[in-house]
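Read off the chains here:
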Amino acid sequence: MGTVVTITSGKGGTGKTSITGGIAASLALMGRRVLCIDMDIGLRNLDISLGLSDRALMDFSDVALGRCPLARAAVDHPDLKGLSLLTAPMSLPANLTPDKVRALLNTARTMYDYVLIDSPAGLGAGFRLAICGADRALVIATNDTSSLRDAQRTVEELEHIRQVHLVMNRIQVKLLRRLRATIDDAMNTAGLPLLGVVPEDPQVILCANLGQPLTSRGKRGAAQACWNIALRLEGNRVPIMRIR
Ligand SMILES: Nc1ncnc2c1ncn2[C@@H]1O[C@H](COP(=O)(O)OP(=O)(O)OP(=O)(O)O)[C@@H](O)[C@H]1O
Ligand SMILES: [Mg+2]
């Protein structure tokens, strides 16, 4: 049975979509079958990040509401074997309940090794659907006070999820030094164990805009960090990467 992992944050723009794409591509390169579900209803952009822009005709609500089978709605990545995307609808259908999303996820668990859900920012209806059937959650935060406070608030909503971890994104050592901040402090504020640290890396912006998976330009910087997170999801012990 596959594992459902929700990537969430509370605060917007912390890197949920970028990191979902990076981990998904890494797991696919490791030979896993991965379904990404974009649950950022109305503001979807995981398709752009994965280079699958405008390929999807059906979305996850079509599958959850029984209008289309999962196998037909999921779009396969042309270059990354094993990676598929189920996109988000442009608006939230009134009859899309958590029970229907959980049933969709149960079907997906039988077809994929991992289901990665890209959650919207905030704690609204889309977020509730994104967390309702998860086995694990990754809370993505950056090292600023508002992001960490929002992460802390988000964690309170994730009590039903078995394993919840923190991923610190856009880390710049010089900035941490100037702020006299540490990753340890961040873990304490968020109240979560750490699964990974992702450096500030212009390749993230470049790859997203070129529609190339983060792993396509070699395993350095943020791509290496996502690869390490994927290895840890697989149960491997990998040292936290050193960021200069
Ligand atoms: N490690 C990084 N280094 C440099 N830029 C990054 C990094 N992570 C994310 N970004 C950039 O930050 C911006 C926001 O990232 P992204 O869209 O992944 O965040 P998000 O949490 O999904 O946002 P939203 O809440 O709007 O869905 C993008 O321009 C992305 O390229
Ligand atoms: Mg996003």
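Conventions we followed
Sequence positions are assigned chain by chain, starting from 1 and proceeding in written order. Chain letters and ligand numbers both follow the written order, the letters beginning at A and the numbers at 1. Since the coordinates come from a predicted model, pLDDT governs what is reported: local features require at least 70, and pairs of side-chain atoms require 80 or more to be given and counted, while whole-chain, interface and lining totals use all residues. Hydrogen atoms and water are omitted, and side-chain values are computed over all heavy atoms in the structure. Nearness is defined per residue: one heavy atom within 4 Å of the molecule or strand is enough. Pairs of N or O atoms within 3.5 Å make up the polar contacts considered here, provided that, within protein, one atom can donate a hydrogen while the other can accept it, and that residues adjacent in sequence are counted only when both atoms are side-chain atoms. Here the open area of atoms and residues is found with the Shrake-Rupley method and a 1.4 Å probe, where only the protein chains shown may cover a residue. Helix axes are fitted only over the stretch in contact, all axes being lines through C-alpha atoms; the angle between N-to-C directions runs from 0 to 180 degrees. Think of it this way: any DSSP run of H or I at least four residues long counts as a helix, any run of E at least two long counts as a strand, and we number them from the N terminus. Angular relationships are summarised with four words: roughly parallel below 35 degrees, roughly antiparallel beyond 145, roughly perpendicular across 65 to 115, and oblique for the angles in between. Only heavy atoms matter for contacts: two residues are in contact if any of them lie within 4.5 Å across the pair. Note on residue categories: nonpolar means Ala, Val, Leu, Ile, Met, Phe, Trp, Tyr, Cys or Pro, charged means Asp, Glu, Lys or Arg, and polar means any other residue, Gly included. Buried Ala, Val, Leu, Ile, Met, Phe, Trp, Tyr and Cys residues form a nonpolar core when they are joined through side-chain atoms within 4.5 Å. Under the scheme applied here, a residue whose accessible area is under 20% of the maximum for its type counts as buried, over 50% as exposed, and between as partly exposed, the area being computed with a 1.4 Å probe on protein chains only. Whenever a carboxyl oxygen of Asp or Glu lies within 4 Å of a side-chain nitrogen of Lys or Arg, that contact is scored as a salt bridge.

Student: Give a detailed account of the site of ligand 1, specifying residues and quantitative values.
Tutor: Taken together, 17 residues form the shell around ligand 1, and within it Gly13, Lys16, Thr17, Ser18 and Asp201 come nearest. At a separation of 3.0 Å, an oxygen atom of ligand 1 approaches a polar backbone atom of Gly15. One nitrogen or oxygen atom from the side chain of Lys16 is found 2.7 Å from an oxygen atom belonging to ligand 1. Taking 630 Å² as the accessible area of ligand 1 by itself, protein coverage stands at 79%.

Student: I'd like to hear about the packing of helix α7 (residues 145-155) against helix α9 (residues 183-190), residue by residue, with values.
Tutor: Direction vectors running N to C along α7 and α9 enclose 40°, while the axes themselves pass 8 Å from each other. Classified by the interaxial angle, the pair formed by α7 and α9 is oblique. Facing α7, whose interface residues are Leu148, Ala151, Gln152 and Val155, α9 presents Ala186, Thr189 and Ala190. Within the contact of α7 with α9, the residues separate by chemical class into five nonpolar, two polar and no charged.

Student: An account of the nonpolar core is requested, with residue identities and associated values reported.
Tutor: In terms of nonpolar packing, the biggest core is built from 85 residues, with Ile23, Phe60 and Leu116 touching the most fellow members. Looking at which element gives the most residues to this core, the answer is helix α11 (residues 221-233), with seven residues. Leave out the neighbours within four places in its chain, and Leu116 touches Val5, Ile7, Thr20, Ile23, Ala24, Leu27, Val34, Leu35, Cys36 and Ile37.

Student: Please give an account of the pattern of salt bridges that cites residues and values.
Tutor: Applying the stated criterion to the full structure yields 10 salt bridges. When the shortest N-O distance is used, the salt bridge between Asp113 and Arg33 registers 3.1 Å. Note that Asp113 is positioned in the loop between α5 (98-111) and β5 (114-118) and Arg33 in the loop between α1 (16-29) and β2 (34-38), a separation of 80 residues in sequence. Looking at Asp113, the relative accessible area reads 23%, which means it is partly exposed. Of the charged contacts in the structure, one is a salt bridge between Arg153 and Glu156, with a shortest N-O distance of 3.1 Å. Accessibility expressed as a relative area gives 36% for Arg153, which makes it partly exposed.

Any link to function would need more than the numbers given here.
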